[in-house]
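Observations on the three-dimensional arrangement
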Amino acid sequence: MFDPFYPFDWLATQIVTKLLGLEIASHLGSSLHFFLYDVPKVLTLLIVISFIVGTFQSFLEPERVRSLLEGKRAFAGNVLAAMVGIVTPFCSCSAVPLFIGFLEAGVPLGVTFSYLMAAPMVNEVAVILLWGLFGLKVTLIYIGFGVGLAITSGYIIGLLKLEKWVEPFVWELQRSRQGMVTNDEDENNLEPVALTWNQRFEQGRFQSSEIVRSVWLYVVLGIAIGAGIHGYVPTEFITQYAGVNNPLAVPLAVVMGVPLYANIAGVMPITEALVNKGMPMGTVLAFTMAVTALSLPEIVILKKVLQPQLLAVFIGLMTVGIISIGYIFNALLL
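A brief structural summary. Keep in mind that what you see is a predicted model, and the values were worked out from it rather than measured. (Residues numbered from 1 in each chain as written. Predicted model: local features only at pLDDT ≥ 70, side-chain atom pairs only at ≥ 80, totals over all residues. Heavy atoms only, no water.)

Brief notes about the nonpolar core
- Phe99, Leu109, Phe113, Leu306, Phe314 and Met318 are the most contacted members of the largest nonpolar core, which totals 77 residues.
- For this core, the element with the most residues is helix H15 (residues 281–293), which contributes nine residues.
- Residue contacts for Phe113: discarding those within four places in its chain leaves Phe99, Gly154, Ile157, Leu306, Leu310 and Phe314.
- Among the nonpolar cores identified, the runner-up in size contains seven residues, and Phe102, Val107, Val111 and Ala119 belong to it. (Core = buried A, V, L, I, M, F, W, Y, C linked by side-chain atoms within 4.5 Å. Buried < 20%, exposed > 50% of the residue type's maximum accessible area, 1.4 Å probe, protein only. Helix = DSSP H or I, 4+ residues; strand = E, 2+ residues; numbered from the N terminus. Contact = heavy atoms within 4.5 Å.)

Observations regarding the side chain of Ser31
- When you line up the elements, Ser31 lands in helix H2 (residues 27–56).
- Of the polar contacts made by the side chain of Ser31, one reaches the backbone oxygen of Ala227; its length is 2.8 Å.
- Contacts of Ser31, omitting those with residues within four sequence positions, involve Ala227, Gly228, Gly231 and Tyr232. (Polar contact = N/O pair within 3.5 Å; in protein donor to acceptor, adjacent residues only side chain to side chain.)

Things to note about the environment of Thr292
- Here Thr292 is to be found in helix H15.
- Note: C-alpha distance between Thr292 and Ala119 (173 residues apart in sequence) is 9.6 Å.

So, the environment of Val127
- Following the sequence through the fold, Val127 ends up in helix H7 (residues 124–134).
- Between the C-alpha atom of Val127 and that of Leu140, which follows or precedes it by 13 residues, the distance is 8.4 Å.
- Contacts of Val127, omitting those with residues within four sequence positions, involve Thr139 and Ile143.

Digging into the packing of aromatic side chains
- Taken as a whole, this structure holds five aromatic pairs when the rule is applied.
- When the centroid spacing of 5.8 Å and the interplanar angle of 85 degrees are considered together, the rings of Phe75 and Tyr155 count as edge-to-face. One end of the pair, Phe75, is in helix H4 (residues 74–86); the other, Tyr155, is in helix H8 (residues 136–160), with 80 residues separating them in the sequence.
- Using a relative accessible area of 31% as the deciding quantity, one classes Tyr155 as partly exposed.
- Here the aromatic residues Phe51, Trp197 and Phe201 are joined through ring pairs into a cluster of three or more. (Phe/Tyr/Trp six-rings, centres within 6.5 Å; stacked < 30°, edge-to-face > 60°.)

What to know about unusual backbone geometry
- The backbone of Lys161 sits at a positive phi, close to 55 degrees, despite the residue not being glycine.
- By the element assignment, Lys161 lies in the loop between H8 and helix H9 (168–179).
- Overall, Lys161 belongs to the exposed group, its relative accessible area being 59%.

So, the packing of H15 against helix H17 (residues 308–333)
- Interhelical geometry of H15 versus H17 gives an angle of 155 degrees and a closest axis separation of 7 Å. Judged on the interaxial angle alone, H17 and H15 are roughly antiparallel. Both H15 and H17 take part in a crossing whose hand is right-handed. Residue-level inspection shows Met281, Gly282, Thr283, Leu285, Ala286, Met289, Ala290 and Ala293 of H15 in contact with H17, the latter providing Phe314, Met318, Ile322, Ile325, Gly326, Phe329, Asn330 and Leu333.
- Tallied by class, residues from the contact of H15 with H17 come to 12 nonpolar, four polar and no charged. (Axes fitted to C-alpha atoms, helices over the stretch in contact; angles between N-to-C directions. Parallel < 35°, antiparallel > 145°, perpendicular 65-115°, else oblique. Left-handed = near helix turned anticlockwise from the far one by under 90°. Nonpolar A, V, L, I, M, F, W, Y, C, P; charged D, E, K, R; others polar.)

By themselves, these are just geometric observations and shouldn't be taken as functional.
Shown next as structure tokens:
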């Protein structure tokens, strides 16, 4: 089968064996091969996919997203918000300002939460990296469970009517926004300026460069950690403490993932190394979801706009959902 990344594998092998004189099977040789192969592979995926998505995201500006979600109710709004989250490549901390903006614009609380949960966990970078590292089956299951978790959790929050636990200043901002009336009819009737394809390509190039510039260090560090795990952590250790025979492996993986803030591009190489060492896929992806969608920095930022009761509901729903997904994922992929 054709492997588009074969040149990276070949070059990494030549450097390790011919230039450095190491055996691929050795601890150091295995770690270096993993690092030298994954760095260009992951960065290439990031550059190409972020350019393509950035180009097509020129059709989906934040204000347009906000107007799209305004007035949506109940389940349909949750589904739409989760779908929008997939095509917006924001980490959890950059999704929070949009979360606040959506609430100010009158988007229902539960619908807004569906966006907040989906955006960092199931964006296009996650999809492409998963596909490149683990194949289509794992990717589709991950997307299905991630989107399902975002829709279900947001819908439950909407049913519980928890707006009283949002900080009052957010609703004051909403009322101020709704009360602003302009008499300038020309301004109200302005048509959006249509971009040419060259301008859209330029926007895609800019977004690609910005994403790579902001995450490349996390990617390299993640790959370095993954390389260390790949070369030096005994397989027996992983299977003993985080294998299928440990019923507490999934919740422990989630607890370990919460303090480790990273975007999906930085954590995926660690995921790959853990899977290669024998950790069950569901346990690894529960860890990945916790890192990207339930991180401490996100919780700290949300605390500024959510009262402790609502924050606890959000954390509880996400934790229970991610742990459940880990167990189900393991059962499906055994």
